[in-house]
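Reading the structure
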Amino acid sequence: MDAQGRGRADDIDPADQWVLNPHTGDYELRLDASAGQSPVPGPRRSRPRPERPKPESTGTARKQAPPRQRSSSAERPVPGQRGRRAQEAKAPAGRRLAKKKPKKRKALVWTGGVMAFLLVGVSLGGYLYYRHLNGNITTYDVGTGSKDVIKDGPINILIIGTDKRTGAGNEGYGDKGSVGHADTNILLHVSKDRTNATALSIPRDLMTDIPDCPTKQPDGSTKVIPGTTGVRFNTSLGQDGRDPGCTMRTVSELTGLKVDHFMMADFNAVKTLTTAVDGVEVCLAKDVDDPDSHLKLSAGEHTLQGEQALAFVRTRHSFGNEGDLDRIKVQQQFLASLMRKMKSSGTLTSPTKVLGLAEAATKALTVDSGIGSITKLQSLAMELKDVDPKNITFTTLPVDDNPAETVRATVVVKESQAEPLFAMMRDDISLTEVKKKAAAKESAKLKGPKADPADVRVSVYNGSGVQGAAQTTLTWLQNTEGVLKSSQLGNADKDLAKTTLEYAPNQADQARRLAEIMGLSAAALKEGTEDAGEMDPMTLTLGADFKGAGIPLTAPTKAPELIQRVEADKAVCAK
């Protein structure tokens, strides 16, 4: 017998194992008939039924099964909504029951989406199962990032794939002695309005500087791992005891973006998640036979899962110039396909697949304490769920071969292309064409009459972290731009990531003029609610994005033409 006692032991419908708890309004998973779940109310009827004498006993009485005792399938209580047939059979003679339209069986739809790329946000019923999933999650207190999910601003999540070889069957991959370095790195920037996202891959062999890194020790103390200059990016994790917080700090130093959260996965994550969705579709432009990764596939389309999926994302000698940069492209194509599979109706409407994904994802991922519970992960998933794959752009940090090497093994940042890309991400500008009503409203701040520079009254504060920035700006404003009613008041109360200009509604013309002079974006303008006095100045606070007096702070509206990019909704064949 199945969970509803309808004689379908070999054909249990998973959707029928979920019932509505009237006290909480949530659906709960009926894993065991003896579990103490709340009784489920019977279906509403369109008209009252005539009262009839109640029998002394009935087979549909909802009684709690005694502890440690299982009733036989014939004696097991049946939920109220499944008792319709028995009630109809007892209808008074001569009375014709009204025909009810057959109800389509509805599988529950969870709209949580993917944990960044490996995130499954699932609305789960059943308190015990909820606690079970919470117990699966591994968390780190990294002492940086955000303490909770951001609701009213952009979100930056660092996805880290390590080369740690724990788990059955992983002996053939990666560095045998590795404690787990930052092998695959993707910074996912989700826009404030949640219409788009940019996924920036950072090569593991990038030569960069790693800052000092405070790390939490097992005894609760904090140990600062000294920074190093001119080393491979992948050593920001694992090397000298560095934790994921060190990688987050390294990315922030590199890009100028605050990293809010991290998600880290090892080889097992690829195998378990692809298996949970019954495989991921990939396309090959040519035959592949790689003895190192044991990947052997013919040209064309394939569905990969488990060991074969891991071999696909790990192979270095099958595509392009057989280096890490071409492997990054293949990994981006694979992750885009995984996202499409996870967001497909066939996955999200299947309770079995959703539960499998929830189980696999919570076991496979390590996250920061700011998102280290099912509740917080679900909250994050709800922030990500509406981003359309066509507005998710994968790109790779622009790099050049390291000029200091004869044998090309590492790369360096290509500043001419990387800085405009970073600026777009810092200013929350999409790499895809997205219609933004909010953006149009913001840009309206810059339209209108502008005051004469001599009439602009402003106080300058330094929140950039660069010594003397406020004084340098003041000198430039007065001597070069004619903003004579300006003054500098030293350091701000705290450093800011972005430069801001605060002003009153009756100072809007002054704000527009100063924005033009400074090259400020509309997002930098913060209008107050009350008018200012005639002698009150505006407040200009320089942020970390300030590059020097006279250098515009406005980000480009289009990405550099030569950067590598691909949208997540497009299936691309690996070459």
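Scroll up for the structure.
This report concerns the structure included in the present document. (Residues numbered from 1 in each chain as written. Predicted model: local features only at pLDDT ≥ 70, side-chain atom pairs only at ≥ 80, totals over all residues. Heavy atoms only, no water.)

Re the packing of aromatic side chains
What counts here: Aromatic contacts are taken between Phe, Tyr and Trp rings whose centres are within 6.5 Å, Trp giving its six-membered ring; a plane angle under 30 degrees counts as stacked, one over 60 as edge-to-face, and the others as tilted. Exposed residues in this analysis have more than 50% of their type's maximum accessible area, buried residues have under 20%, and partly exposed residues fall in between, with area computed by a 1.4 Å probe over protein chains only. By definition, any uninterrupted DSSP run of H or I lasting at least four residues is a helix, any uninterrupted run of E lasting at least two residues is a strand, and each is numbered from the N terminus.
Per the counting criterion, the structure on display carries three aromatic pairs. On the basis of an interplanar angle of 65° and a centroid distance of 5.9 Å, the ring pair of Phe 312 and Phe 319 is categorised as edge-to-face. Residues Phe 312 and Phe 319 agree in their burial class; the two are buried. With a centroid separation of 5.9 Å and an interplanar angle of 40°, the aromatic rings of Phe 312 and Phe 334 are classed as tilted. Taken as a pair, Phe 312 in helix 5 (residues 306-314) and Phe 334 in helix 6 (residues 324-343) lie far apart in primary sequence, 22 residues in all. Assigned by exposure class, Phe 312 and Phe 334 land together as buried. What links up through ring pairs into an aromatic cluster is the set Phe 312, Phe 319 and Phe 334.

Things to note about helix 10 (residues 415-426)
Selection rule: Here the expected span of a helix is defined as 1.5 Å times the quantity of residues minus one. Between two residues, a contact is recorded if the distance between any of their heavy atoms is within 4.5 Å.
When the terminal C-alpha atoms of helix 10 are compared, their 16 Å separation across 12 residues agrees well with the 16 Å that a helix rising 1.5 Å per residue should span. Taken residue by residue, helix 10 has Gln 417, Ala 418, Leu 421, Phe 422, Ala 423, Met 424, Met 425 and Arg 426 as its buried positions. On its buried face, helix 10 sits against strand 5 (182-190), strand 6 (197-201), helix 3 (244-255), strand 17 (392-396) and strand 19 (411-413). Of the residues trailing helix 10, Asp 428 is marked for its positive phi of about 60°.

Some points on the sheet that holds strand 3 (residues 138-140)
Where we set the bar: Two strands pair if DSSP finds at least two bridges between them. Here, axes are lines fitted to C-alpha atoms. For helices the fit covers the stretch in contact, and angles between N-to-C directions go from 0 to 180 degrees.
The strand order across the open sheet formed by eight strands is 3-16-11-4-5-6-17-25, and the pairing between neighbours is mixed. Two strands close off the open sheet at either side, each with one partner strand: strand 3 and strand 25 (565-567). Each strand axis lies, on average, 20° off the axis of its neighbour in the sheet, ignoring direction. As judged from the three bridges shared by strand 17 and strand 25, these two strands associate in the antiparallel manner. Note on strand 25: the bridge partner recorded for Thr 393 is Glu 567. Against the sheet, helix 6 contacts strand 5, strand 6, strand 17 and strand 25, and its axis sits at roughly 165° relative to strand 17.

A short note on the sheet that holds strand 22 (residues 500-503)
Pairing is mixed across the open sheet formed by five strands, whose spatial order is 21-20-24-22-23. Edge positions in the sheet fall to strand 21 (485-491) and strand 23 (525-527), since each of these pairs with one other strand and no more. For this sheet, the mean angle separating the axes of adjacent strands, direction not counted, is 20°. Strand contacts of helix 12 (residues 469-479): strand 20 (457-462), strand 21 and strand 24 (538-542), with the helix running at about 175° to strand 21, the strand carrying the most contacts. Of the strands in this sheet, strand 20, strand 22, strand 23 and strand 24 are in contact with helix 13 (residues 508-518), which crosses strand 24 at around 25°.

Focus on the state of the cysteines
By definition, a disulfide links two cysteine residues through a covalent bond between their sulfur atoms. Counted only if it meets this: Note on disulfides: each one is a pair of cysteine sulfur atoms within 2.5 Å.
The tally for this structure, following the rule as stated, stands at two disulfides. At a sulfur-sulfur separation of 1.9 Å, the disulfide partner of Cys 213 is Cys 246. Here the S-S torsion is close to -90°, and the disulfide linking Cys 213 with Cys 246 is therefore left-handed. Residue Cys 213 is located in strand 8 (residues 213-216), and its partner Cys 246 is located in helix 3; the two are separated by 33 residues in the primary sequence. For the residue pair Cys 213 and Cys 246, the accessibility class agrees, reading buried in each case. Here Cys 283 pairs with Cys 573 through a disulfide, and the sulfurs are 1.8 Å apart. Here the S-S torsion is close to 65°, and the disulfide linking Cys 283 with Cys 573 is therefore right-handed. A residue pair is termed long-range when its members are at least 10 positions apart, and Cys 283 in strand 12 (residues 280-284) and Cys 573 in the segment after strand 25 qualify at 290 residues. The class for Cys 573 is partly exposed, based on a relative accessible area of 29%. If the cysteines joined by disulfides in the protein are listed in sequence order, their pairing comes out as 1-2, 3-4.

Remarks on the packing of helix 4 (residues 267-276) against helix 5
The condition is simple: Relative orientations are named as follows: roughly parallel for angles under 35 degrees, roughly antiparallel for angles over 145 degrees, roughly perpendicular for angles from 65 to 115 degrees, and oblique for any other angle. The handedness criterion is simple: a crossing whose near helix is rotated anticlockwise from the far helix by less than a right angle is left-handed, and one whose near helix is rotated clockwise is right-handed. Residue polarity follows a fixed list, in which Ala, Val, Leu, Ile, Met, Phe, Trp, Tyr, Cys and Pro are nonpolar, Asp, Glu, Lys and Arg are charged, and the others, Gly among them, are polar.
The N-to-C vectors of helix 4 and helix 5 enclose an angle of 130°; their axes lie 8 Å apart at closest approach. One way to sum up the angle between helix 4 and helix 5 is to call them oblique. At the point where helix 4 passes helix 5, the crossing takes the right-handed sense. Across the interface between the two elements, Phe 267, Val 270, Lys 271, Thr 274 and Thr 275 from helix 4 touch Gly 306, Glu 307, Ala 309, Leu 310, Val 313 and Arg 314 from helix 5. Residues of the contact of helix 4 with helix 5, tallied by class, amount to five nonpolar, three polar and three charged.

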